[in-house]
Amino acid sequence: MTPAPHDDELDATVARWIDGLREGDPASANGLWQRYFRRLVRAAEGRIAPALERTYDGEDAALSAFHSLCRGVRAGRFDDLQRGDELWSLLVVITARKIQRRARAERAVKRGGGAAPAQELDDVLGREPTPDFAIEVAEEAEELMERLEPRLRPVARLKLEAHANEEIARALGCSLRTVERRLGLIRRTWSEDPSDA
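Remember, predicted model here, so these are calculated numbers, not experimental data.

K.L.:
Describe the packing of aromatic side chains, with residues and values.
P.N.:
Applying the stated criterion across every chain yields a total of 3 aromatic pairs. Between the aromatic rings of Trp-33 and Phe-66, the centroid separation amounts to 5.2 Å while the plane-to-plane angle is 85°, which identifies the pairing as edge-to-face. A residue pair is termed long-range when its members are at least 10 positions apart, and Trp-33 in helix α2 (residues 26–45) and Phe-66 in helix α4 (residues 58–74) qualify at 33 residues. Since its relative accessible area comes to 29%, Trp-33 is described here as partly exposed. Classification of Phe-66 by relative accessible area gives buried; the value is 7%. Geometrically, the ring pair formed by Tyr-36 and Trp-88 is stacked, given 6.3 Å between the ring centres and 20° between the ring planes. With Tyr-36 in helix α2 and Trp-88 in helix α5 (residues 84–110), this pair connects stretches of sequence that are 52 residues apart.

K.L.:
Summarise α2; cite the residues concerned and give the values.
P.N.:
With 20 residues, α2 extends 27 Å from end C-alpha to end C-alpha; this agrees with the ideal 28 Å at 1.5 Å per step. Of all the bends found along α2, the most pronounced is centred on Tyr-36 and spans about 45°. Buried within α2 are the following residues: Ser-28, Ala-29, Gly-31, Leu-32, Tyr-36, Phe-37, Leu-40, Val-41, Ala-43 and Ala-44. Structurally, the start of α2 carries an N-cap: the backbone nitrogen of Ala-27 is 3.2 Å from a side-chain oxygen of Asp-25.

K.L.:
Quick one: what's the story with a negative patch on the surface, residue by residue and with numbers?
P.N.:
Taken together, the side chains of Glu-45, Glu-53, Asp-57 and Asp-60 make up a negatively charged region of the molecular surface. Along the polypeptide, Glu-53 turns up in helix α3 (residues 50–53). Of the residues examined, Glu-53 reaches a relative accessible area of 45% and is grouped as partly exposed.

K.L.:
If you had to explain the nonpolar core to someone new, which residues and values would you point to?
P.N.:
With 26 residues, the main nonpolar core has Val-14, Leu-32, Tyr-36, Leu-69, Val-73, Leu-81 and Leu-87 as its most contacted residues. Sorting the residues of this core by element identifies α1 (8–22), α2, α4 and α5 as the ones contributing at least two each. With 7 residues, α2 is the largest single contributor of residues to this core. Membership of the second largest hydrophobic core comes to 13 residues, among which are Leu-144, Met-145, Ala-156 and Leu-183.

K.L.:
Lay out the packing of α1 against α2 in plain terms, naming residues and giving numbers.
P.N.:
For the pair α1 and α2, the least separation of the axes is 8 Å and the interaxial angle reads 135°. It follows from the interaxial angle that α1 and α2 lie oblique. Helix-helix and strand crossings are classified by hand; for α1 and α2 the assignment is left-handed. Contacts between α1 and α2 pair Leu-10, Val-14, Arg-16, Trp-17, Gly-20 and Leu-21 from the former with Ser-28, Ala-29, Gly-31, Leu-32, Arg-35 and Tyr-36 from the latter. Its residues assigned to classes, the contact of α1 with α2 comprises 7 nonpolar, 3 polar and 2 charged.

So, how was this worked out
- Residues numbered from 1 in each chain as written.
- Predicted model: local features only at pLDDT ≥ 70, side-chain atom pairs only at ≥ 80, totals over all residues.
- Heavy atoms only, no water.
- Phe/Tyr/Trp six-rings, centres within 6.5 Å; stacked < 30°, edge-to-face > 60°.
- Helix = DSSP H or I, 4+ residues; strand = E, 2+ residues; numbered from the N terminus.
- Buried < 20%, exposed > 50% of the residue type's maximum accessible area, 1.4 Å probe, protein only.
- Expected span 1.5 Å × (residues − 1).
- Bend = angle between axes of the 7 residues up to and from the residue.
- Polar contact = N/O pair within 3.5 Å; in protein donor to acceptor, adjacent residues only side chain to side chain.
- Patch = residues over 30% accessible without salt bridge, like charges linked within 9 Å, V, L, I, M, F, W, Y side chains within 5 Å.
- Areas by Shrake-Rupley, 256 points an atom, 1.4 Å probe, with all protein chains shown as cover.
- Salt bridge = Lys/Arg side-chain N within 4 Å of Asp/Glu carboxyl O.
- Lys, Arg positive; Asp, Glu negative; His and termini not counted.
- Charge placed at Lys NZ, Arg CZ, Asp CG, Glu CD.
- Core = buried A, V, L, I, M, F, W, Y, C linked by side-chain atoms within 4.5 Å.
- Axes fitted to C-alpha atoms, helices over the stretch in contact; angles between N-to-C directions.
- Parallel < 35°, antiparallel > 145°, perpendicular 65-115°, else oblique.
- Left-handed = near helix turned anticlockwise from the far one by under 90°.
- Contact = heavy atoms within 4.5 Å.
- Nonpolar A, V, L, I, M, F, W, Y, C, P; charged D, E, K, R; others polar.

This is the structure in structure tokens:
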């Protein structure tokens with residue numbers, strides 16, 4: 001799957017909004033909100049397990065992710081962020097992490113209830129296509145990638161960009177079975193709580 005072409009006009013607008021957000025401009029935050037919030041809610045709704053929906057929905061996840069984005073931009077954590085596809089990728093990754101953390105907290109309270117971590121990671125690894133180099137612009141994604149062995153990182157990047165397993169195998173010059181095995185290792189690694197290590 002090839003990434004969608006960049007929209008130069010949108011990229012210029014997003015760059016202005018992000019620069020404004022860095023300076024604390026409420027109109028820039030509002031522009032980003034109007035452009036991305038409803039779309040982010042829809043993306044989040046597809047990732048939340050039914051057991052979690054009773055206490056946490058797509059709007060909760062999107063609000064939390066948007067708040068984290070604004071705080072992160074103001075704090076200088078996303079200095080290279082300029083394009084619309086980069087911003088969307090970052091928002092998707094932050095939202096997926098918010099959902100994963102909330103599900104983990106709910107399971108801790110219920111002592112084993114809720115969806116399995118591997119299922120949550122299946123959602124992160126596949127439903128919403130994300131453009132190129134989402135991982136490089138997202139602090140949360142960088143954190144995940146650093147937890148992987150180097151040989152697993154190209155597979156994770158391509159899967160997060162919504163490539164099919166067969167496409168990943170062709171791109172990396174390996175067998176489909178190798179890709180599937182590595183995705184299993186990625187899911188297991190990302191399911192582990194890093195604080196337990």
